[in-house]
Amino acid sequence: MPHSTLSTFGNTQKERADILILLLHAGEGWEYLEYAQSELVHIDTGILRSYMLHEADRGTHEVGFLTAESIINSAPHVRCDIFEIHIPRAFLDMNRPKDATTPLFLSKNHWNAFYDDIMIHIKNACEQADYVLQLHSMCGYNPTFPGPHKQNKIDNSVLHNFLNHCYSGTERSWDMIHSTLDGQILAHQPWVESFEGVFQKAWIPLENNSAYQLLSGYPGTDIMIEHQSVLIEMPKNWLANDDTKHLFDTSKIVFKQEKVQQAADLIAEGFLRMKQ
């Protein structure tokens, strides 16, 4: 079973991709749920499933592939690659250092065994592209207390409380993560400026390093240092329909196709405008 896939679109005759869209956490990963359940037999399957979906970067698969389509429709000469990881972020967060990528309540021996192999594939994909877009999605509201990631033991009530109450703070906007804690910009500056212009023209708020900032030793930071890259965080509720956009448990969010397409078009325009 492949834990990741690399897809290529557009001008596949090119040896290198013009852009790689990196989807570290897009996988809903149903095939991994059974093993996680075997480690957490005291957790109800429904709650574990909701936790897995809530922690996934829901929407990045749909937006990422539509972004590739939008880019190629406007610029057929471009080669666009998409690298997607299928292991759910709830069990293996590839945007963390290896020692922090698996929740404490799961077996590191099993889940961390995938880390090194996947990281090699990520690095290879990045090295074969001129630009790397790190596309993530996040809860639409800021957290009000820490999640269960660093707890040695969890139960149904812990997960239920987390799903329904943790991300219930102030509302978030789109966020571009490009700087370290001391203000050093590591992202590709022309791409940063292009995204700022595109979102301003569309009258859509775009924050800078609001949700978090780049930390030394984290994969996302290393990619920025080594490649022409930028990291975009989409609020999941921005993609949601009117009936579900206010839900704190993002596993229950239902996407509105028009919003998914709009997100893809914004991201595609940000890349193409930068390349002009």
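As a starting point, this report considers the structure included with it.

The rules behind the values
Residues numbered from 1 in each chain as written. Predicted model: local features only at pLDDT ≥ 70, side-chain atom pairs only at ≥ 80, totals over all residues. Heavy atoms only, no water. Axes fitted to C-alpha atoms, helices over the stretch in contact; angles between N-to-C directions. Helix = DSSP H or I, 4+ residues; strand = E, 2+ residues; numbered from the N terminus. Parallel < 35°, antiparallel > 145°, perpendicular 65-115°, else oblique. Left-handed = near helix turned anticlockwise from the far one by under 90°. Contact = heavy atoms within 4.5 Å. Nonpolar A, V, L, I, M, F, W, Y, C, P; charged D, E, K, R; others polar. Pairing = 2+ DSSP bridges. 1 Å grid on protein atoms, 1.4 Å probe; cavity = no way out; pocket = protein on both sides within 12 Å on 5 of 7 lines; lining within 4 Å. Points joined across faces, edges and corners; volume = space filled by probe spheres on them.

1. Observations concerning the packing of helix α3 (residues 60–74) against helix α9 (residues 257–275)
At a closest axis distance of 8 Å, the pairing of α3 and α9 adopts a crossing angle of 55°. In terms of axis orientation, α3 runs oblique to α9. Between α3 and α9 the crossing geometry is right-handed. Across the interface between the two elements, Glu-62, Val-63, Leu-66, Thr-67, Ser-70, Ile-71 and Ser-74 from α3 touch Gln-257, Val-260, Gln-261, Ala-263, Ala-264, Asp-265, Ile-267, Ala-268, Phe-271 and Leu-272 from α9. The class makeup of the residues in the contact of α3 with α9 is 10 nonpolar, 5 polar and 2 charged.

2. Points about the sheet that holds strand β5 (residues 174–177)
With mixed pairing, 7 strands are arranged side by side in an open sheet as β1-β3-β2-β4-β7-β5-β6. Each end of this open sheet is capped by a strand with a single partner; those strands are β1 (4–10) and β6 (206–208). Taking the axes of each pair of neighbouring strands and ignoring which way they run, one obtains an average angle of 25° across the sheet. When β5 meets β6, the two strands line up parallel, connected through 3 bridges.

3. A look at the layout of surface pockets
Considering only enclosed or pocket space, the largest pocket measures out at about 950 Å³ in volume. Lining the largest pocket are 35 residues, with Arg-89, Asp-93, Arg-96, Tyr-167 and Tyr-212 positioned closest to its centre. Those elements that place two or more of their residues in the lining of the largest pocket are α2 (45–55), β4 (129–138), α6 (156–166), α8 (219–226) and β7 (228–235). Each residue belonging to the lining of the largest pocket can be placed in one class, and the counts come to 16 nonpolar, 10 polar and 9 charged. Considering only enclosed or pocket space, the second largest pocket measures out at about 200 Å³ in volume. Every residue lining the second largest pocket is counted, 14 residues in all, and those nearest its centre are Glu-171, Arg-172, Pro-235, Asn-237 and Trp-238.

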